[in-house]
Amino acid sequence: MKLYTKTGDKGLTRIIGGGKVRKNALRVAAYGDVDELTSYVGLIISEIAAYPDLKTQLIEVQQILFDCGTDLATPDDSRGYRTKPEYTAWLEVQIDRYADVPPALTEFILPGGAPIAAKLHYGRTIARRVERQVVALQEVEAINQDVLIFLNRLSDYLYAIARYVNFKAGVTETNYRRNKRIFH
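First things first, this report covers the structure right here in the doc. Computed from a predicted structure; not experimentally measured. (Residues numbered from 1 in each chain as written. Predicted model: local features only at pLDDT ≥ 70, side-chain atom pairs only at ≥ 80, totals over all residues. Heavy atoms only, no water.)

What follows concerns the overall build of the chain. Broken down by element type, the chain carries five helices and two strands. Starting at the N terminus and ending at the C terminus, the chain contains elements arranged as β-β-α-α-α-α-α. Each principal axis of the C-alpha atoms in the chain carries an extent, and together these give about 55 × 40 × 30 Å. Burial status across the chain gives 41% buried among its 184 residues. With the model as given, the accessible surface of the chain reaches about 10,800 Å², and the carbon-plus-sulfur share is 54%. Each charge sign in the chain was given a centre, from 25 positive and 22 negative side chains, and these centres are 7 Å apart. (Helix = DSSP H or I, 4+ residues; strand = E, 2+ residues; numbered from the N terminus. Buried < 20%, exposed > 50% of the residue type's maximum accessible area, 1.4 Å probe, protein only. Areas by Shrake-Rupley, 256 points an atom, 1.4 Å probe, with all protein chains shown as cover. Lys, Arg positive; Asp, Glu negative; His and termini not counted. Charge placed at Lys NZ, Arg CZ, Asp CG, Glu CD.)

Quick look at the structure:
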C-alpha cells in the first residue's frame, strides 16, 4: 500500500466505511484534532522519563486516543465502537490517585511550573479544544458518546498530573491574582 492516495489532491479524504468527505468536514476536524493531541502526548512521553508510572499511563492514553480517533472517523456504529466506558473509569482512578498529592487549591493557578508540567497544562488545553470540536460534530452527526466523556476526563487527568509533577519537582504554582496587577 502506498503512503499517498491522491484523494486529498481534490480536498477529499476517505473515512472508515469507504465514504469520501471534504477535508474540512467536522468529522475530519474532530479526528484530526485527536491525532494532534495523540502526537502532543507523544512529545510529553519523550520527556517524562523521571516519572515512569506517568509515562506508562500516557502511552495507554495514546492507545485510547487512537480508539477515539477511529470512532470519530466512523460515521456510525455498524462496525462497533472501540472507546468504552471502562477507559474513563480508569482515568478517574488515576485522577483520584494524583489529585490528592499536592495541597488543595484555594485559588486558580496559572499554567506553568516545571517544563514537563507546563507541557501537561498545554496538553490539557489541546484536550479541551478537541472536546469542543467533538461537541460541534455531535450537534450534526451521531458519535460514540464515550469519546466525548473520555476527552472531558482526559483534560482533568492532565491537569491533575501537571500539579503532581510540579509538587514532586518542588515547584510552587503561581496563583491567579484577580484584580491585582503590578502596573497601573
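This next bit is on the packing of helix α4 (residues 115-138) against helix α5 (residues 145-168). With their axes 8 Å apart at the nearest point, α4 and α5 run at an angle of 165° to one another. Taken together, α4 and α5 sit at an angle that is classed as roughly antiparallel. Relative to α5, the crossing made by α4 is left-handed. (Axes fitted to C-alpha atoms, helices over the stretch in contact; angles between N-to-C directions. Parallel < 35°, antiparallel > 145°, perpendicular 65-115°, else oblique. Left-handed = near helix turned anticlockwise from the far one by under 90°.)

Right, let's get into the pattern of salt bridges. A side chain of one charge can pair with a side chain of the opposite charge if their charged atoms are brought near each other. Applying the stated criterion across every chain yields a total of nine salt bridges. Residue Glu36 pairs with Arg129 through a salt bridge whose shortest N-O separation is 3.0 Å. Of the two residues, Glu36 is situated in helix α1 (residues 26-46) and Arg129 in helix α4; the sequence distance between them amounts to 93 residues. The class for Glu36 is partly exposed, based on a relative accessible area of 35%. (Salt bridge = Lys/Arg side-chain N within 4 Å of Asp/Glu carboxyl O.)

Further remarks concern the packing of aromatic side chains. Counted by the stated rule, this structure contains three aromatic pairs. Ring geometry for Tyr51 and Tyr164: centres 6.4 Å apart, planes at 65°, overall edge-to-face. Taken together, the positions of Tyr51 in the loop between α1 and α2 (52-72) and Tyr164 in helix α5 put the pair 113 residues apart, joining distant regions of the chain. The burial state of Tyr51 is the same as that of Tyr164; both residues are buried. With a centroid separation of 4.6 Å and 70° between ring planes, the pair formed by Tyr98 and Tyr164 is classed as edge-to-face. Of this pair, Tyr98 sits in helix α3 (residues 85-99) while Tyr164 sits in helix α5, and the two are 66 residues apart along the sequence. (Phe/Tyr/Trp six-rings, centres within 6.5 Å; stacked < 30°, edge-to-face > 60°.)

Bringing the packing of α2 against α3 into the picture now. At a minimum axis distance of 12 Å, the contact between α2 and α3 shows a crossing angle of 155°. Taken together, the axes of α2 and α3 are roughly antiparallel relative to one another. For the crossing formed where α2 meets α3, the hand is left-handed. Of α3, the residues touching α2 (which contributes Asp53, Leu54, Gln57, Glu60, Val61, Ile64 and Asp67) are Tyr87, Trp90, Leu91, Gln94, Arg97 and Tyr98. (Contact = heavy atoms within 4.5 Å.)

Turning next to α5. Taking 1.5 Å per residue as the helical rise, α5 with its 24 residues ought to reach 34 Å, and the 35 Å between its terminal C-alpha atoms agrees with that figure. Where α5 begins, the side chain of Asn144 points an oxygen toward the backbone nitrogen of Asp146, at a separation of 2.9 Å. (Expected span 1.5 Å × (residues − 1). Polar contact = N/O pair within 3.5 Å; in protein donor to acceptor, adjacent residues only side chain to side chain.)

Side chains that are nonpolar tend, in soluble globular proteins, to be buried together. Ranked by internal contacts, the top residues of the largest apolar core, which has 45 residues, are Leu37, Leu54, Leu58, Leu65, Leu72, Leu154 and Tyr157. The set of elements that each furnish at least two residues to this core consists of α1, α2, α3, α4 and α5. At 12 residues, α5 tops the list of elements feeding residues into this core. Sequence-distant contacts of Tyr157, defined by excluding residues within four places in its chain, comprise Leu54, Gln57, Leu58, Val61, Leu91, Gln94 and Ile95. (Core = buried A, V, L, I, M, F, W, Y, C linked by side-chain atoms within 4.5 Å.)

Here the focus is the layout of surface pockets. Empty pockets left among the atoms are what a rolling probe the size of a water molecule brings to light. Estimates place the volume of the largest pocket at around 260 Å³. Every residue lining the largest pocket is listed: Met1, Lys2, Leu3, Tyr4, Thr5, Lys6, Thr7, Gly8, Asp9, Leu12, Thr13 and Lys23. Here the lining of the largest pocket is built from residues that sort into four nonpolar, four polar and four charged. Residue lining of the second largest pocket: Tyr31, Gly32, Val34, Asp35, Thr38, Leu65, Phe66, Gly69, Thr70 and Ala73, and that is the complete set. Contributing elements (two or more residues each) for the lining of the second largest pocket: α1 and α2. In terms of residue count, the dominant contributor to the lining of the second largest pocket is α1 (five residues). Partitioning the lining of the second largest pocket into residue classes produces five nonpolar, four polar and one charged. (1 Å grid on protein atoms, 1.4 Å probe; cavity = no way out; pocket = protein on both sides within 12 Å on 5 of 7 lines; lining within 4 Å. Points joined across faces, edges and corners; volume = space filled by probe spheres on them. Nonpolar A, V, L, I, M, F, W, Y, C, P; charged D, E, K, R; others polar.)

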